[in-house]
Amino acid sequence: MRVHFVIHEPYEAPGAYLAWAALRGHEVSFTKVYQFEKLPNTVDDVDLLIVMGGPQSPTSTQEAFPYYNAQAEIDLIKRAIDADKYIIGVCLGAQLLGEAYGGTCTASPEREIGNFPIELTDAGQADSRLSHIPSGLVVGHWHDDMPGMIKGAQVLATSQGCPRQIVRYTPKHYGFQCHLELTKDLVAQLLKQETDIEGESRRYTYVQDTRTILTYDYDQMNQVLYEFLDKLLST
């Protein structure tokens, strides 16, 4: 299996997605957008495209982020859709996946930073790739927005702060607004980008303080992610 990652920032690393690929012996390649690396011209050498998160949005300009071209990434995702490749979008990646399908990214009702439970919808419970997710599974969150919806897309999981945590656009194409890939090292990098996390934890219902985030055990959500990925590629 050939897995290609699109990475927007060094601190928005693939985490458990990359660990899973290594454990399963998959061939891995990267486009490090933050280093001005060019996106693949084709998806001929890609079986699974994983587009990671970042501080950008689908409407962010190159004036604000010179290395980031939202339309180019949407076009790459469209090529992967047309070629019937597996696609996973994570956070920003989920929003770009929705845009590639014709949806419009919108603001989440709540800003979420930290670890909070999700619940599967009826559609999520019926999805065999997610059937192992327990009720109230605590997963990572680091966002203000959420992916757009289109006719035929289904919301598979929600949280109290955001109604679109996992969206399935087709059986091969999933958007994860939430982060099951987080590790303690990864959240330490993310926290360095925050200027007032302690203040926000007091102002916002779904923002946790540094200590709470850093001391959380991320193993369960990582294991749940591994099982989802195994199921996805086996069907």
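Residues numbered from 1 in each chain as written. Predicted model: local features only at pLDDT ≥ 70, side-chain atom pairs only at ≥ 80, totals over all residues. Heavy atoms only, no water.

**Quick word on the environment of Ala19**
Counting through the fold element by element, Ala19 comes out in helix α1 (residues 16-23). Separated by 203 residues in the primary sequence, Ala19 and Asn222 place their C-alpha atoms 9.3 Å from one another. (Helix = DSSP H or I, 4+ residues; strand = E, 2+ residues; numbered from the N terminus.)

**Description of the packing of α1 against helix α8 (residues 219-234)**
Running from N to C, α1 and α8 point in directions that differ by 55°, and their axes come no closer than 10 Å. Accordingly, the angle class assigned to the pair α1 and α8 is oblique. Read as a crossing pair, α1 and α8 show a hand that is right-handed. Judged by residue contacts, Ala16, Tyr17, Ala19, Trp20 and Leu23 of α1 engage Asn222, Leu225, Tyr226, Leu229, Asp230 and Leu233 from α8. Partitioned by chemical class, the residues of the contact of α1 with α8 number nine nonpolar, one polar and one charged. (Axes fitted to C-alpha atoms, helices over the stretch in contact; angles between N-to-C directions. Parallel < 35°, antiparallel > 145°, perpendicular 65-115°, else oblique. Left-handed = near helix turned anticlockwise from the far one by under 90°. Contact = heavy atoms within 4.5 Å. Nonpolar A, V, L, I, M, F, W, Y, C, P; charged D, E, K, R; others polar.)

**Some remarks on the pairing of strand β9 (residues 173-176)**
Side chains His173 and Gly175 of β9 all project onto a buried face; the interleaved residues Tyr174 and Phe176 project onto the opposite face, where all are buried too. With four bridges connecting them, strand β8 (residues 166-170) and β9 associate as antiparallel partners. Opposite Thr170, over in β9, you have His173 as the bridge partner. The hairpin formed by β8 and β9 contains two residues between the paired strands. (Buried < 20%, exposed > 50% of the residue type's maximum accessible area, 1.4 Å probe, protein only. Pairing = 2+ DSSP bridges.)

**Overview of the layout of surface pockets**
Counted as a void, the largest pocket has a volume near 310 Å³. Around the largest pocket, the lining comprises 19 residues; the ones closest to its centre are Gly54, Pro55, Trp142, His143 and Asp144. For the lining of the largest pocket, the secondary structure elements donating two or more residues are α3 (92-100), β5 (106-120) and β6 (137-146). Considered class by class, the residues forming the lining of the largest pocket number seven nonpolar, seven polar and five charged. The computed volume of the second largest pocket comes to approximately 190 Å³. Taken together, Val33, Phe36, Glu37, Lys38, Leu39, Gln62, Pro66, Tyr67, Tyr68, Asn69, Ala72 and Glu73 form the lining of the second largest pocket. Across the lining of the second largest pocket, the residue classes tally to seven nonpolar, two polar and three charged. (1 Å grid on protein atoms, 1.4 Å probe; cavity = no way out; pocket = protein on both sides within 12 Å on 5 of 7 lines; lining within 4 Å. Points joined across faces, edges and corners; volume = space filled by probe spheres on them.)

**Thoughts on empty space enclosed by the protein**
Empty pockets left among the atoms are what a rolling probe the size of a water molecule brings to light. Applying the stated criterion across every chain, the model contains one cavity of 30 Å³ or more. Here the largest cavity is characterised by a volume of approximately 30 Å³. Considering the residues around the largest cavity, the lining is formed by Glu12, Ala13, Met52, His179, Glu181, Leu182, Leu186 and Leu190. When grouped by side-chain class, the residues that make up the lining of the largest cavity number five nonpolar, one polar and two charged.

**Remarks on the pattern of salt bridges**
Think of it this way: side chains of opposite charge can pair up when their charged atoms draw near. Taken as a whole and judged by the stated rule, the model has ten salt bridges. The closest approach of N and O atoms between Lys231 and Glu227, which form a salt bridge, is 3.7 Å. You can see Lys231 and its partner Glu227 sitting in helix α8, four residues apart, about one turn around the helix. In this structure, a network of salt bridges that share partners links the residues Arg111, Asp144, Glu194 and Glu200. (Salt bridge = Lys/Arg side-chain N within 4 Å of Asp/Glu carboxyl O.)

**Quick notes on the nonpolar core**
Counting 48 residues, the largest nonpolar core has Tyr17, Ile50, Ile88, Ile166, Phe176 and Phe228 as the members making the most contacts within it. The element contributing the most residues to this core is α8, with eight residues. With residues up to four places along the chain from it excluded, the contact list for Phe176 reads Tyr17, Ile88, Gly89, Val90, Cys91, Ala94, Gln165, Ile166 and Phe228. Core analysis: the second largest hydrophobic core is formed by 23 residues, Val33, Leu39, Ala80 and Ala153 among them. (Core = buried A, V, L, I, M, F, W, Y, C linked by side-chain atoms within 4.5 Å.)

**Concerning α8**
The end-to-end C-alpha distance of α8, which contains 16 residues, comes to 23 Å, matching closely the 22 Å that a straight helix rising 1.5 Å per residue would cover. Taken as a whole, α8 has its buried residues at Met221, Asn222, Val224, Leu225, Tyr226, Phe228, Leu229, Leu232 and Leu233. (Expected span 1.5 Å × (residues − 1).)

**Some details on the sheet that holds β8**
Pairing within the open sheet is mixed, and its nine strands lie in the order β2-β1-β3-β4-β9-β8-β7-β5-β6. Two strands bound the open sheet, and with one partner strand each, they are β2 (27-32) and β6. Along the sheet, successive strands turn relative to each other by an average axial angle of 20°, direction set aside. Across nine bridges, β5 lies against β6 in antiparallel orientation. From the neighbouring strand, Glu112 faces β6, where its bridge partner is His143.

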